[in-house]
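Summary of structural features
If you want the building blocks of each chain, they are given just below.
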Amino acid sequence: MFNNLKYSQHTPVLLQEILSLFSDENPPKNILDCTFGRGGHSQAFLKKFPKAFILALDRDSSAIEFGLNLKEFKDGKIKLLNKNFYDYPLIFRDTQNFDFILMDLGVSSPQLDNKERGFSFYKEGPLDMRMDQKQTLTAQHIINEYSKKELIQIFKKYGEIKNPSRVVSDIVKQRKRKKFETTMELSRLIQKHYGFYKNKHPATTWFLALRLAVNGELEGLIRCLDSYFNLLNSSGYWAVISFHSLEDRIIKQGFRRFVKEGKGILYNKKVIQSQNEERKNNPRSRSAKLRVFQKLEI
């Protein structure tokens, strides 16, 4: 029932809205793509602004391996680094600044598609959910080893689930008999409690909460905001695409703080969302929210 959500083709979301930030008369020279994925946004920028140079980061080694085969990489237009963007400003303090910084948060379509990565609640795979496969913490460890209290806190904090106690109690009871190993074991347990939702799998928010906990996404985002401001050139744009209300809240508050401190302006006072045509062609774009900050000239 849920396989009609098509993630097999990776399509960059809100692409036209992002490209429109710059004109042919005022093109970006240096671009930082913090979450390269399959390079959709980066390739589109180079197609429109062929003289630009892009530094691209991704914590997922498979994304970097994909990028190494792109013509843009071989032509020297893209430099790829297998780095978590949360840590990049701290590691490379003396790096050049950028006219444009892009963060496309969350999991990519290829990651969702690959059942071995364990992100999907409707495909049988290991209960993994690591964006960086070199890290040791997995969703399987959290589900099987964390206390009942810790699990309740994770689902309340990251999934914004009001009362996860019933499901968590069932998880703890079931893991005493047999440890959880696969995504579908957990997905079916959640579905047993909630049945089916229209157009939304009942495990959606539970899996999202686990993914955020496994990868430390919210904490990393909070930690790096001030450092990224320092990497932005005067009059440069910083665009963030989020798919979760907690991520969007962090970005909204961070950008508003910069404005209050007199460091820049909000390009869009209200969040930018995809239009009906894009939502029809790319279901992933339905929950995407874009916020853009422009640094003041110094």
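Everything here concerns the structure above.
Worth saying up front: this structure is predicted, and the values here are computed from it rather than measured.

On to helix H13 (residues 245–260). With 16 residues, H13 should cover 22 Å at 1.5 Å per step; its first-to-last C-alpha distance of 22 Å lies within 8% of that length. As for H13, its buried residues are in contact with helix H8 (148–159), helix H11 (204–215), helix H12 (217–230), strand E5 (232–242), strand E6 (264–266) and strand E8 (289–295). Of the residues trailing H13, glycine 262 is marked for its positive phi of about 75°.

Turning our attention to the nonpolar core. By size, the foremost hydrophobic cluster in this structure holds 62 residues, and its most contacted members are Leu32, Phe85, Met103, Phe155, Tyr228 and Trp238. By residue number, the principal contributor to this core is H11, which donates eight residues. For phenylalanine 85, the contacting residues outside a window of four places in its chain are Cys34, Thr35, Leu57, Met103, Leu105, Leu221, Cys224 and Tyr228. Within the second largest apolar cluster, 29 residues are counted, among which are Val13, Ile272, Ala288 and Leu290.

Turning to the pairing of strand E1 (residues 30–33), a few remarks are in order. Pairing between E1 and strand E2 (residues 53–57): four bridges, direction parallel. By the bridge assignment, isoleucine 31 is partnered in E2 with isoleucine 54. In this region the chain leaves E1, passes through helix H2 (residues 40–48) and returns to the parallel neighbour E2; the handedness of that crossover is right-handed.

Moving on, we come to the environment of phenylalanine 53. By the element assignment, phenylalanine 53 lies in strand E2. Sequence separation between phenylalanine 53 and lysine 29 is 24 residues, and the spatial gap between their C-alpha atoms is 6.1 Å. The residues contacting phenylalanine 53, other than those within four sequence positions of it, are Lys29, Asn30, Ile31, Gly76, Lys77, Ile78 and Lys79.

Time to look at the packing of aromatic side chains. What describes a pair of aromatic rings is the distance from one ring centre to the other and the angle between the planes of the rings. Scanning all chains against the criterion turns up 20 aromatic pairs. Geometrically, the ring pair formed by phenylalanine 22 and phenylalanine 49 is edge-to-face, given 6.4 Å between the ring centres and 80° between the ring planes. With phenylalanine 22 in the loop between helix H1 (15–19) and E1 and phenylalanine 49 in the loop between H2 and E2, the pair connects residues that are 27 residues apart, well separated along the chain. For phenylalanine 22, a relative accessible area of 6% translates into the label buried. Overall, phenylalanine 49 belongs to the buried group, its relative accessible area being 3%. Geometrically, the ring pair formed by phenylalanine 22 and tyrosine 237 is edge-to-face, given 5.3 Å between the ring centres and 85° between the ring planes. Of this pair, phenylalanine 22 sits in the loop between H1 and E1 while tyrosine 237 sits in strand E5, placing them 215 residues apart in sequence.

For the structure on display, the rule yields two cavities of 30 Å³ or more. One number sums up the size of the largest cavity: a volume of about 350 Å³. Lining the largest cavity are 30 residues; nearest its centre among them are Thr35, Asp58, Asp104, Leu105 and Gly106. Elements with a minimum of two residues in the lining of the largest cavity: H2, strand E4 (98–104) and H12. Class assignment for the residues of the lining of the largest cavity results in 11 nonpolar, nine polar and 10 charged. Taken as a whole, the second largest cavity encloses approximately 40 Å³ of empty space. Lining the second largest cavity we find Lys252, Phe255, Arg256, Leu266, Asn268 and Arg291.

The subject of this paragraph is the pattern of salt bridges. For the coordinates displayed, the defined rule picks out 15 salt bridges. Between arginine 223 and aspartate 87 there is a salt bridge whose closest N-O contact spans 2.9 Å. Here the residue arginine 223 occupies a position in helix H12, and aspartate 87 occupies one in the loop between strand E3 (78–81) and helix H5 (88–91), the gap between them amounting to 136 residues. The class of arginine 223 is partly exposed, set by a relative accessible area of 44%. The shortest N-O distance in the salt bridge between lysine 157 and glutamate 219 comes to 3.6 Å.

Cut-off values and rules
- Residues numbered from 1 in each chain as written.
- Predicted model: local features only at pLDDT ≥ 70, side-chain atom pairs only at ≥ 80, totals over all residues.
- Heavy atoms only, no water.
- Helix = DSSP H or I, 4+ residues; strand = E, 2+ residues; numbered from the N terminus.
- Expected span 1.5 Å × (residues − 1).
- Contact = heavy atoms within 4.5 Å.
- Core = buried A, V, L, I, M, F, W, Y, C linked by side-chain atoms within 4.5 Å.
- Buried < 20%, exposed > 50% of the residue type's maximum accessible area, 1.4 Å probe, protein only.
- Pairing = 2+ DSSP bridges.
- Right-handed = clockwise from strand over helix to strand, strands pointing away.
- Phe/Tyr/Trp six-rings, centres within 6.5 Å; stacked < 30°, edge-to-face > 60°.
- 1 Å grid on protein atoms, 1.4 Å probe; cavity = no way out; pocket = protein on both sides within 12 Å on 5 of 7 lines; lining within 4 Å.
- Points joined across faces, edges and corners; volume = space filled by probe spheres on them.
- Nonpolar A, V, L, I, M, F, W, Y, C, P; charged D, E, K, R; others polar.
- Salt bridge = Lys/Arg side-chain N within 4 Å of Asp/Glu carboxyl O.

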